[in-house]
Amino acid sequence: MIFSKKTDVTTQIAVYVFLAFCFFSAIFCGHTRVNNLFHISAFFFLLTLATRPEFRQAWLGRRAALIGIALAAYFLAYYSASNFWGGTPEDALSALTHSVYILIYLGLLVSVLDSPRRNLLLCCVIAGITLLCLYLAWVDYSKIYTLRETSDANPGPHNVIDLAGYAALGIILSLMVFRDTQQKKILLTIPVLLAFMVLTQSRGPLIALLAALALTTAYRALNKKAAMLIVAMMIFTAGMVLWSSIGEMLITRFSELYQQSFVRASIWRHSLALIKQALFFGYGFDRELTFTNYTGEFIHTTHSLYLGALLKGGLVGFCLFAGLLAFGGQLAVRHLRAGRRLEAALYLFMLIFYCSQGMFVIANPAEFWYLFWFPLAMVFAQPTKGFVSQPAGA
């Protein structure tokens, strides 16, 4: 009995310290003190896994999560090993360490998402993202509005596209919590997060969010009242945006989409030319672009996670990456058929978002832990009906 109480304490420590990490890391992206919370929760998670048979048994029953984490492990191990033929063998251990952290992060996420504390986890992430957006709108409004940059006062991601991705993530998670708890107050975060997305004038995240929600909504299941409410909200939002100065700038940004597509195309063309020269195994983990495009801008990222995977790992690495994403897609479809459409929407958002953003997703806690690995963990988890309907404070 004493042993049972001790192991139960380790579980509680692992979970609640992890919840604190999820809240603070959404605000303080990559800060060492916040990362220490993850190290503490990881230690107690592994301790629980080693000492509590019923916890191990529960994990053995999570077949989808085990397969997904195994595929992630193959992907992470290959790209960590690519340091050896990439000319940076001294970085292999660091990449491998980061990979282990990511696997533990996935394990912690799935454990909590499959438990009654699922909505508490989602609320921690939503709260962190919302506070970050409110803070930046207060201290960096003019800089984001005019230059699409943030100042040194920003504790989160410095790229406004990633910040808009955070806001989109928060919107989808808010809808999830509302679906599961029917607590309308959680919907108050959505206007704040949507307004912040408009402030960043980032087209990619907005397109990804709208496309993901549009493609996963069950239109036939909508009653007349819900359909009219959605239409009214869309008209109201469109009107507010069109009549504001930010709206005019956003419209200008979308009107420049055709011209900007040539900039991205030039980057992707250069990336593909390099990829062809190291087609099978790639250039290794640390490889980045180093060229100046026709606009005079120095480019160091592929502006596409998928091309980044090809550049670093070649066809072999990309096949491992594609296998991981394909399995995630299969699970997303399973969520969709089970009525968990927002889980599928979150995964689809991630896939679309990274078509024109990012370089890679292996490192210490950073924005892609939320924008890439979190949606993967969400589809790996298969919550029971009883857990999904729990209130946020359960």
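The next point concerns the overall build of the protein chain. Across its full length, the protein chain holds 17 helices and two strands. Within the protein chain, the proportion of its 394 residues that are buried is 49%. Partitioning the contacts of the protein chain with sequence separation of at least 6, the portion at a separation of at least 24 is 77%. Summing over all exposed atoms, the protein chain offers an accessible surface of approximately 18400 Å²; the carbon and sulfur share of this is 68%.

So, on to the packing of helix 4 (residues 63–85) against helix 5 (residues 92–113). Put simply, helix 4 and helix 5 touch, their axes get as near as 8 Å, and they point 165° apart. One finds that helix 4 runs roughly antiparallel with respect to helix 5. Classified by chirality, the crossing of helix 5 by helix 4 is right-handed. Contact residues: helix 4 offers A65, I69, A72, A73, L76, S80, N83 and F84, while helix 5 offers A92, A95, L96, S99, I102, L103, L106, G107 and V110. Residues that form the contact of helix 4 with helix 5 fall into these classes: 13 nonpolar, four polar and no charged.

The biggest cluster of nonpolar side chains holds 102 residues, and the ones touching the most others in it are F75, Y105, L173, F372, W373, F374 and F380. Ignoring anything within four residues of it in the chain, the contact list for F374 reads Y105, L109, L122, V125, L169, L173, L346 and W369. Grouped together as the second largest cluster of nonpolar side chains are 13 residues, I267, Y283, F291 and I299 included.

On the secondary structure map, D180 appears in helix 8 (residues 160–181). Spatially, the C-alpha atoms of D180 and N119 are 8.0 Å apart, while their sequence positions differ by 61 residues.

Averaged over all residues, the pLDDT of the protein chain equals 88, while 86% of them reach at least 70. Across residues 1–7 the pLDDT falls below 50, and counting only partners more than four positions away or on other chains, this stretch makes four contacts in the model. Segment residues 386–394 is flagged for pLDDT under 50; beyond a separation of four residues in sequence, or across chains, it makes 24 contacts in the model.

Turning next to the pattern of salt bridges. With the rule as written, the count across this model stands at seven salt bridges. The shortest N-O distance in the salt bridge between R179 and D180 comes to 2.8 Å. Overall, the relative accessible area of 8% leaves D180 in the buried class. Taken together, the salt bridges that share partners define one network made up of R118, R179, D180 and E343.

Turning to the side chain of T301, a few remarks are in order. By secondary structure assignment, the location of T301 is in the loop between strand 2 (298–299) and helix 14 (305–337). Excluding anything up to four places from it in sequence, T301 contacts I267, L289 and M359.

Quick notes on the rules
- Residues numbered from 1 in each chain as written.
- Predicted model: local features only at pLDDT ≥ 70, side-chain atom pairs only at ≥ 80, totals over all residues.
- Heavy atoms only, no water.
- Helix = DSSP H or I, 4+ residues; strand = E, 2+ residues; numbered from the N terminus.
- Buried < 20%, exposed > 50% of the residue type's maximum accessible area, 1.4 Å probe, protein only.
- Contact = heavy atoms within 4.5 Å.
- Areas by Shrake-Rupley, 256 points an atom, 1.4 Å probe, with all protein chains shown as cover.
- Axes fitted to C-alpha atoms, helices over the stretch in contact; angles between N-to-C directions.
- Parallel < 35°, antiparallel > 145°, perpendicular 65-115°, else oblique.
- Left-handed = near helix turned anticlockwise from the far one by under 90°.
- Nonpolar A, V, L, I, M, F, W, Y, C, P; charged D, E, K, R; others polar.
- Core = buried A, V, L, I, M, F, W, Y, C linked by side-chain atoms within 4.5 Å.
- pLDDT = per-residue confidence, 0-100.
- Salt bridge = Lys/Arg side-chain N within 4 Å of Asp/Glu carboxyl O.

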